[in-house]
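# Notes for the structure review
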Amino acid sequence: MAAIGRFQKNGEIFHAKVVEDSLYRLRDDLFGSPSFEKKPISRKGSKTLVPVTPSKIICVGLNYADHARETGKELPKEPLIWFKAPTSLLADGGKIEIPFPQHRTDFEAELCIVIGRKTRNVSPTQAARCILGYTASQDISDRTIQRAESQWARAKSFDTFTPLGPFIETQIDPANLTIQLFQNGQLRQNSNTSQMIFKPAELVSFISTNLTLLPGDVILTGTPSGIGQIQSGDKLEVRIQGIAPLVNQVK
C-alpha cells in the first residue's frame, strides 16, 4: 500500500494511496483488505486532512533515552501513558493556536503508530500485525499548566495541540529512523527511533493489556531530546526518515 492519506475534494472526503502528485482512491475499507482504483486523480485542488479519525489518542512519556537524560529523570520501568482529546488533532498545513501566550508552550516531535485492527491482550509479536502504519506527529504542550497539575491531559489537549500526518506509511520499519524537528529552518531535535526505550510493538502490546485499541486509534510514541518553546509566527517541521514531512505554522 505504501503512503495513504485522507483528502477532501469537491465536497467529498476519501482515503487514497499517494504516488507523487496522483491519488488512487480507496475502493473499500481502509482497515479491512483495502484495494485502490487503478485510474489516478490529480492531487491538485484537494485538501489534506488528518489521515485517520481516532476514538482516542494515547501518548507515551519519557520513551527516549536521550530525552530522559536531558530531563534528569530515571528511565521508566514500564510505559507511562495518558490520553489527549481527539479534538486536539490538526492536519498538515494547519495553524497551531497558543491559548495562553503568557505560558510556556513547547514543541515535541513524535513518531505516531496507527492501529489497523481491534486489539486486546496481544503479545509484542502479535501487536506488530495490528499496526496499519506510521505517521509524523507533535505533542504540543503547555508547560505552565503541565507543571502545575498532576494530570497532563489539559496541558496537552487544547485544540490544534496534536498535529498529525500528512500520510500513513504502511511499509516502513520503525526500528532505526532519523527523527528531527526544524523550527524556522533551524534544527532543534535530532535523534533516532533506536533511542526508544519501549519499541512500537511493545507499546501496542502493553496498552492492549489495559484497554482495547480500535482501528484508527493512534499512539504517540514519545519525543527525543531537544524540546523547545514555540512562538507566534513559527514554522515547525517534523521530518522522520521515510515519512512525508509534517509542516505547521504557529498562529
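A brief look at the structure comes next. (Residues numbered from 1 in each chain as written. Predicted model: local features only at pLDDT ≥ 70, side-chain atom pairs only at ≥ 80, totals over all residues. Heavy atoms only, no water.)

## A few points about the overall build of the chain
The helix and strand tally for the chain stands at five helices and 20 strands. Since a compact globule built from 251 residues should have a radius of gyration of about 18 Å, the 17 Å found for the chain is in line with a globular shape. Based on the C-alpha atoms only, the size of the chain along its principal axes is roughly 55 × 45 × 30 Å. Taking all 251 residues of the chain together, 53% fall into the buried category. A sequence separation of at least 24 residues applies to 71% of the contacts in the chain between residues at least 6 apart. When the accessible surface of the chain is split by element, carbon and sulfur atoms take 47% of a total near 11400 Å². The positive charge centre, built from 30 side chains, and the negative charge centre, built from 25, are 3 Å apart in the chain. (Helix = DSSP H or I, 4+ residues; strand = E, 2+ residues; numbered from the N terminus. Rg over C-alpha atoms; globule rule 2.2 N^0.38 Å. Buried < 20%, exposed > 50% of the residue type's maximum accessible area, 1.4 Å probe, protein only. Contact = heavy atoms within 4.5 Å. Areas by Shrake-Rupley, 256 points an atom, 1.4 Å probe, with all protein chains shown as cover. Lys, Arg positive; Asp, Glu negative; His and termini not counted. Charge placed at Lys NZ, Arg CZ, Asp CG, Glu CD.)

## A short note on helix α5 (residues 200–208)
Where α5 is concerned, the buried positions are Pro200, Leu203, Val204, Ser205, Ile207 and Ser208. Among the structural elements, β6 (57–61), β7 (80–84), β11 (109–115), α2 (124–128), β12 (131–138) and β17 (218–220) are those in contact with the buried residues of α5.

## Brief notes about the packing of aromatic side chains
Under the definition given, this model contains five aromatic pairs. An angle of 45° between the planes, with centres 6.1 Å apart, marks the rings of Phe7 and Phe167 as tilted. Taken together, the positions of Phe7 in strand β1 (residues 3–9) and Phe167 in strand β14 (residues 162–169) put the pair 160 residues apart, joining distant regions of the chain. Ring pairing ties together the aromatic residues Phe7, Phe14 and Phe167, which thus form one cluster. Over the aromatic face of Tyr24 sits the side chain of Lys17, whose NZ or CZ is 5.7 Å from the ring centroid. A cation over an aromatic ring shows up here: Arg25 above the ring of Phe14, its NZ or CZ 4.4 Å from the ring centre. (Phe/Tyr/Trp six-rings, centres within 6.5 Å; stacked < 30°, edge-to-face > 60°. Lys NZ or Arg CZ within 6 Å of the ring centre and 35° of its normal.)

Note that every value here comes from positions in space, so none of it alone points to a role or purpose.
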